[in-house]
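Chain residues, written in single-letter form:
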Amino acid sequence: MASLKELKGRINSVKSTQKITKAKQMVAAAKLRRAQAAAEAARPYAERLSGVMASLAGKVSGDGAPLLLRGTGSTQRNLLVVVNTDKGLCGGLNANIVKAAKLRAKALLDEGKDVQFYLVGKKGRAPIKRDYADRIEKHFDTSEVRTPGFEEADAIAADLLARYDDGEFDVAHLVYPVFQSALVQNPTVDQLIPVPAPESSDAVGAGSVVDYEPGEDEILADLLPRYIKTQVFGALLEREASEQGASMTAMDNATRNAGDLIKDLTIQYNRSRQAAITTELIEIIAGAEAL
């Protein structure tokens, strides 16, 4: 049985940990409001851009379509762009993202495809490296900036587009979390390159004759890279909101667990203290009676 000094030390240690988790929870809650607002504000733009692309893509097809839309004609070489967080203490968020990426990689490998990983964020590197060390194409570090924004998304998209133009891969998939609430962040796998033709009944120009100036080809040539940057930027925003939501939930659970542990240790400490006092009284009384 632990001594009173050891129990008191454990209680103080758990109390210190509880203060840290409580502070982390409050910081995550404050950051969550801003991150959630940014992620939700970006969604209407992405949806509207998809609608415009649906209208344009329906008018351009075949060999005349841009490379980013028609693809290379092959799906053999696949690149998984996995967006993880740079910091821990956010529950099972990163584990779920990595799990989704590994499932997608396994499915592609079972089909005889070639798979490479393009890792964004630090926390997904180790678990993917354990199983696919020879398939990691690049690490893109976002830990040096306080909050990754459009500048980082632009750099990632530009790198991916350059690799695609150089023929390094045929299909790129974006693996990232979609924020729904502080309790729910769903890992999602979307095709990023070539851009899938959006299907939307609310597309701009649907059911009507629209003349574009310049032509659809010229507009798509400029719009497709912008669309890819928007998708990557949206994934980074969703990641930030998901990270703060998962962190707030995880730290709240940790704070509650620390409180329960403090309560149990305090009861054990009081019982041990009472037993020690009782033993001392018995020894005093027995000594007095012996005299």
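Details of the structure are given in the entry above.
Being a predicted model, the structure only gives us computed values, none of them experimental. (Residues numbered from 1 in each chain as written. Predicted model: local features only at pLDDT ≥ 70, side-chain atom pairs only at ≥ 80, totals over all residues. Heavy atoms only, no water.)

> In this structure, what is going on with the pairing of strand β2 (residues 114-120)? I would like to understand it.
Judged by how many residues are buried, β2 sits mostly within the fold: six of seven residues are covered. The pairing of strand β1 (residues 77-83) with β2 spans seven bridges and is parallel. Within β2, the position partnered with V81 by the bridge is Y118. Judged from the four bridges that link them, β2 and strand β3 (residues 136-140) form a sheet pairing that is parallel. Paired with L119 across the strands is H139, a residue of β3. (Buried < 20%, exposed > 50% of the residue type's maximum accessible area, 1.4 Å probe, protein only. Helix = DSSP H or I, 4+ residues; strand = E, 2+ residues; numbered from the N terminus. Pairing = 2+ DSSP bridges.)

> Teacher, can you tell me more about the nonpolar core here?
Burial of nonpolar side chains together is a common tendency in soluble globular proteins. Counting residues in each nonpolar core, the largest one holds 33 residues, and the members touching the most others are Y118, V120, L160, I193 and I228. Mapped by element, the contributors of at least two residues to this core are α1 (4-57), α2 (67-70), β1, β2, α5 (150-165), β4 (171-179), β5 (185-193) and α6 (216-290). Setting aside residues up to four positions removed in sequence, I228 forms contacts with L68, A157, L161, L192, I193 and V195. Within the second largest apolar cluster, 18 residues are counted, among which are L80, C90, I97 and A100. (Core = buried A, V, L, I, M, F, W, Y, C linked by side-chain atoms within 4.5 Å. Contact = heavy atoms within 4.5 Å.)

> It is not clear to me how the sheet that holds β1 should be interpreted in this structure. Could you clarify?
By way of backbone hydrogen bonds, the strands of a sheet pair with one another, either parallel or antiparallel. As summarised here, the arrangement of the five strands in space is β3-β2-β1-β4-β5, forming an open sheet in which the pairing is mixed. This sheet does not close on itself; its edge strands, each paired only once, are β3 and β5. Taken pair by pair, the neighbouring strands of this sheet meet at an average axis angle of 20 degrees, ignoring direction. Along the sheet, α5 makes contact with β1, β2, β3 and β5, crossing β3 at roughly 155 degrees. (Axes fitted to C-alpha atoms, helices over the stretch in contact; angles between N-to-C directions.)

> What exactly am I supposed to notice about the pattern of salt bridges here?
Summed over all chains, the structure comprises 13 salt bridges. Here E238 ties to R43 by a salt bridge, and the two come within 2.9 Å at their closest N and O atoms. One end of the pair, E238, is in helix α6; the other, R43, is in helix α1, with 195 residues separating them in the sequence. By relative accessible area, which is 7% here, E238 ends up buried. R43 sits in the partly exposed class, given a relative accessible area of 27%. Two residues, K229 and D154, come together in a salt bridge whose shortest N-O distance is 3.1 Å. With K229 in helix α6 and D154 in helix α5, this pair connects stretches of sequence that are 75 residues apart. For K229, a relative accessible area of 24% translates into the label partly exposed. Taken together, the shared-partner salt bridges connect E137, K138, D159, R163 and E168 into one network. (Salt bridge = Lys/Arg side-chain N within 4 Å of Asp/Glu carboxyl O.)

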